[in-house]
Amino acid sequence: MRRLRLTRHSILLAICLLLSGPLHAASPYTGPLFDAHLHYNVEAFVELYPLSDVLGRIQRSGVRGIIANSRPNDGTKTLANARKETQAISLTVVPFIRLYRNRDDYTNWFRDDSIYTMVEQELATGTAAGPYRGIGEFHLYDSANANGPVARKLMQLAEAKNLAVLAHVDDDAIDLLMAHAPQARLIWAHTGISAPSVERVRALMKRYPKLIGELSYRPGLTAAGGQLSREWRALITEMPDRFVIGSDTWINARWEDYEGLMQAAREWLGGLPPEMARKVGWENGAGLFSLSDKTR
């Protein structure tokens, strides 16, 4: 009987360990990455990180596609227009129009008609390398500001022109923004950095089929050893086509650690089945913009 009780205990312990995650560190994902949240702001491209430096960091990280946005839009144009340099490292730049000319615009853009005019002008001229493909990243520090007149017009413009939107907002603002443009492709920066529950994220994903969760800075995403937490692994496994990764290089310190940020993503991606890891790490982001897949 003693031996039988120990055997049952061992079985129960093994089951608990399996449910809580891998028994040992998984091998990191080694495929291509799409960085769906990259900034090249004035503090970076003027002060410390010239084009050659950032492209070197991107290349060493195995990143093959980026959503580029910047304050002001000069940094995005620098990346998008460097066709010779980006082609040399097999990098595709997907340019977005950011709504911030300066830091004052962060808290007022949603009701400032000059922002809407700026977006129209940028769309008309594009970059030397081609048209813009999206709008954002923008912030809403109060979800009610999603109903601001310019916020509403920009969502409707994005829907009409099939532009993706990168929005740093809370879960209530997702409902408000999508009410303006139900068919818009909305990339939810950090999948809600204000940490709505995984159940709330799941409900929003089910409600809005074109909502994509970007996973940089996401509270609760990883647990011990840098692997996915159990609840996030369950959600990503349930909806593997709905998530992308990002770096969010909003300050220079994030550029300094760019390769570390991408390696951390590779670590938790490695805990997913290989095809699923490739979806989240590369295919979902690339597929949003119909990038050709030359990485196999």
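Our structure's up above, just so we're on the same page.
As the structure is a prediction and not an experimental result, all values here were calculated from the model.

S.K.: So what's going on with the pairing of strand 7 (residues 211–214)? Which residues, and what values?
M.R.: The alternating pattern of strand 7 places L211 and G213 and I212 and E214 on opposite faces, both of which are buried. Bridge analysis of strand 6 (residues 185–188) against strand 7 gives three bridges, and the strand direction is parallel. Bridged to I187 within strand 7 is I212. Once you follow strand 6 into helix 9 (residues 198–207) and on to strand 7, the crossover reads as right-handed. Bridging between strand 7 and strand 8 (residues 243–244) involves two bridges; their strand directions are parallel. Residue pairing in the sheet places G213 in a bridge with F243 of strand 8.

S.K.: Explain helix 3 (residues 51–60) residue by residue, including any values.
M.R.: Of the residues making up helix 3, those classed as buried are L51, V54, L55, G56, R57 and I58. Packing partners of the buried residues in helix 3 comprise strand 1 (33–39), strand 2 (63–69), helix 4 (74–81), helix 5 (83–88), helix 11 (252–256) and helix 12 (258–269). After helix 3 finishes, the residue G62 shows a positive phi value of roughly 75°.

S.K.: Describe the packing of helix 6 (residues 113–125) against helix 7 (residues 149–161), naming the residues involved and giving the relevant values.
M.R.: Running from amino to carboxyl end, helix 6 crosses helix 7 at an angle of 20°, the nearest separation of the two axes being 9 Å. In terms of orientation, helix 6 and helix 7 fall into the roughly parallel class. The handedness of the crossing between helix 6 and helix 7 is right-handed. Contacts between helix 6 and helix 7 involve D113, Y116, V119 and L123 from the former and V150, K153, L154, L157 and K161 from the latter.

S.K.: How would you sum up the sheet that holds strand 4 (residues 134–139)? Please name residues and give values.
M.R.: Judged by pairing direction, the sheet is parallel, and its eight strands sit side by side in the order 1-2-3-4-5-6-7-8 without closing on themselves. Strands with a single pairing partner mark the edges of an open sheet, and in this sheet they are strand 1 and strand 8. In the sheet, strand 4 pairs with strand 5 (residues 164–168) via five bridges, with the strands oriented parallel. When the bridges of strand 5 are listed, G136 appears paired with L166.

What counts, and where the lines are drawn
- Residues numbered from 1 in each chain as written.
- Predicted model: local features only at pLDDT ≥ 70, side-chain atom pairs only at ≥ 80, totals over all residues.
- Heavy atoms only, no water.
- Buried < 20%, exposed > 50% of the residue type's maximum accessible area, 1.4 Å probe, protein only.
- Helix = DSSP H or I, 4+ residues; strand = E, 2+ residues; numbered from the N terminus.
- Pairing = 2+ DSSP bridges.
- Right-handed = clockwise from strand over helix to strand, strands pointing away.
- Contact = heavy atoms within 4.5 Å.
- Axes fitted to C-alpha atoms, helices over the stretch in contact; angles between N-to-C directions.
- Parallel < 35°, antiparallel > 145°, perpendicular 65-115°, else oblique.
- Left-handed = near helix turned anticlockwise from the far one by under 90°.

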